[in-house]
Amino acid sequence: MQRKKLNDFALILLGAALLPCLACSQKSMEVSAAPAPSGAPAPAPLASIPAVDNSFTVSGPLTVEHQLDVLAQRDGMIAELKSEAGARVQAGDLLAQLDDRQVVADLEAARAKTRSIEADLKAWEAEAKVLQSDFDRAQKMWDAHLITREAFEHAKFKAEADQYDVQRVSELLLNAKETQRSLELELDKTQIRAPFSGLVARRYVRQGQQVAKGDRVFWVTAEGPLRMRFTVPERFVGVLKVGQQLALTVSDFPGQEHKARVVELSPIVDPTSGTFDGMVEVMGAPGPLRPGMNSILRIDTHP
């Protein structure tokens, strides 16, 4: 009887020890089963999580094919400026004029010499015709045994000698014309002209400034077509194709998207970097886009 009481007392103590654990377990079950508060969003199922954006972006400056520094082609002084930065010009427009007085004087002297030699040549050619006529007459008289051999050979030698003089003066005339042509080219070099139609982006010289051959005088740039050259990993071989349209934005106007067409793709992959080059051209009106702006090109990996 006493042993039974001891066993009952032990069971009571064990139940008292397990009671808090059962309460915690029950509370945990209630918390996990409790519905989410009405103001909190329910967890989204796994299938509704948005997929990763399948695109690749590259950046680079917008450029134009025709964009270069106009250089002085000879030494000289800037006598007159015909254009300023920001001016629109057409191909061949005069941008600046170098002092050409010495070249003009040398050219006029060369032209006068050319005219003089031309006159001499005409005189020699006229005399050559007379001597040739005398020789033809002497030939007939010699054939008819009317003149001596000495007279015949004298007429022959005079006609031949005059032909040599005609050739000599012809060579002098050719040399004079080449000198004249050279000075005409030098005169053309004193006129600094726009190589193509576009904008004068910068002026490097002032009126009265002395320049040397090769010095920068103006920077002229075309306004379009706008292009961007880029480099992408080799995994885009086959993804990009010539003629494909891509989306292009610029840092200054992030909300505006422009269409760009792939116009060039390198046929080889650089084995060192595992990349290849390409180029796109902005389609349509450029709007606010200008050469030199930093642009961002988006390439869809799964077009």
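Everything numeric in this text was worked out from a predicted model, so none of it was measured. (Residues numbered from 1 in each chain as written. Predicted model: local features only at pLDDT ≥ 70, side-chain atom pairs only at ≥ 80, totals over all residues. Heavy atoms only, no water.)

Chemist: Give a description of the packing of helix α2 (residues 101-143) against helix α3 (residues 149-189) that names residues and reports values.
Modeler: Where α2 meets α3, the closest approach of the two axes is 7 Å, and the angle between their N-to-C directions is 160°. For the element pair α2 / α3, the angle class is roughly antiparallel. As α2 runs across α3, the sense of the crossing is left-handed. (Axes fitted to C-alpha atoms, helices over the stretch in contact; angles between N-to-C directions. Helix = DSSP H or I, 4+ residues; strand = E, 2+ residues; numbered from the N terminus. Parallel < 35°, antiparallel > 145°, perpendicular 65-115°, else oblique. Left-handed = near helix turned anticlockwise from the far one by under 90°.)

Chemist: Go over the nonpolar core, please, and point to the residues and values.
Modeler: Proteins that are soluble and globular tend to have nonpolar side chains buried together. One finds Leu 62, Val 280 and Leu 297 to be the most contacted residues of the largest nonpolar core, which totals 21 residues. Elements that contribute at least two residues to this core include exactly β10 (227-233), β11 (245-250), β12 (253-265), β13 (275-282) and β14 (294-300). Excluding residues within four positions of it along the chain, Val 280 makes contact with Leu 226, Arg 227, Met 228, Phe 230, Leu 246, Leu 248, Ala 260, Arg 261, Val 262, Val 263 and Leu 297. In terms of nonpolar packing, the next biggest core, distinct from the first, is built from 18 residues, Val 70, Ala 72, Val 89 and Ala 194 among them. (Core = buried A, V, L, I, M, F, W, Y, C linked by side-chain atoms within 4.5 Å. Buried < 20%, exposed > 50% of the residue type's maximum accessible area, 1.4 Å probe, protein only. Contact = heavy atoms within 4.5 Å.)

Chemist: Describe the sheet that holds β14, with residues and values.
Modeler: Across the sheet, six strands lie side by side as β1-β14-β11-β12-β13-β10; this open sheet has antiparallel pairing. A strand with exactly one partner marks an edge of an open sheet, and here the two such strands are β1 (55-61) and β10. Between one strand and the next, the sheet's axes are offset by a mean angle of 40°, whatever the strand orientation. The pairing of β11 with β12 spans five bridges and is antiparallel. Bridge pairing in β12 places Val 250 opposite Phe 253. (Pairing = 2+ DSSP bridges.)

Chemist: A description of α2 should follow, citing residues and the corresponding values.
Modeler: For α2, built from 43 residues, the straight-helix expectation of 63 Å at 1.5 Å per residue is met to within 8% by its first-to-last C-alpha distance of 63 Å. Within the sequence span of α2, burial applies to Val 103, Leu 107, Ala 110, Thr 114, Ile 117, Leu 121, Ala 128, Leu 131, Phe 135 and Ala 138. Its buried side turned inward, α2 meets α3. His 145 occupies a position one or two residues after α2 and carries a positive phi of about 60°. (Expected span 1.5 Å × (residues − 1).)

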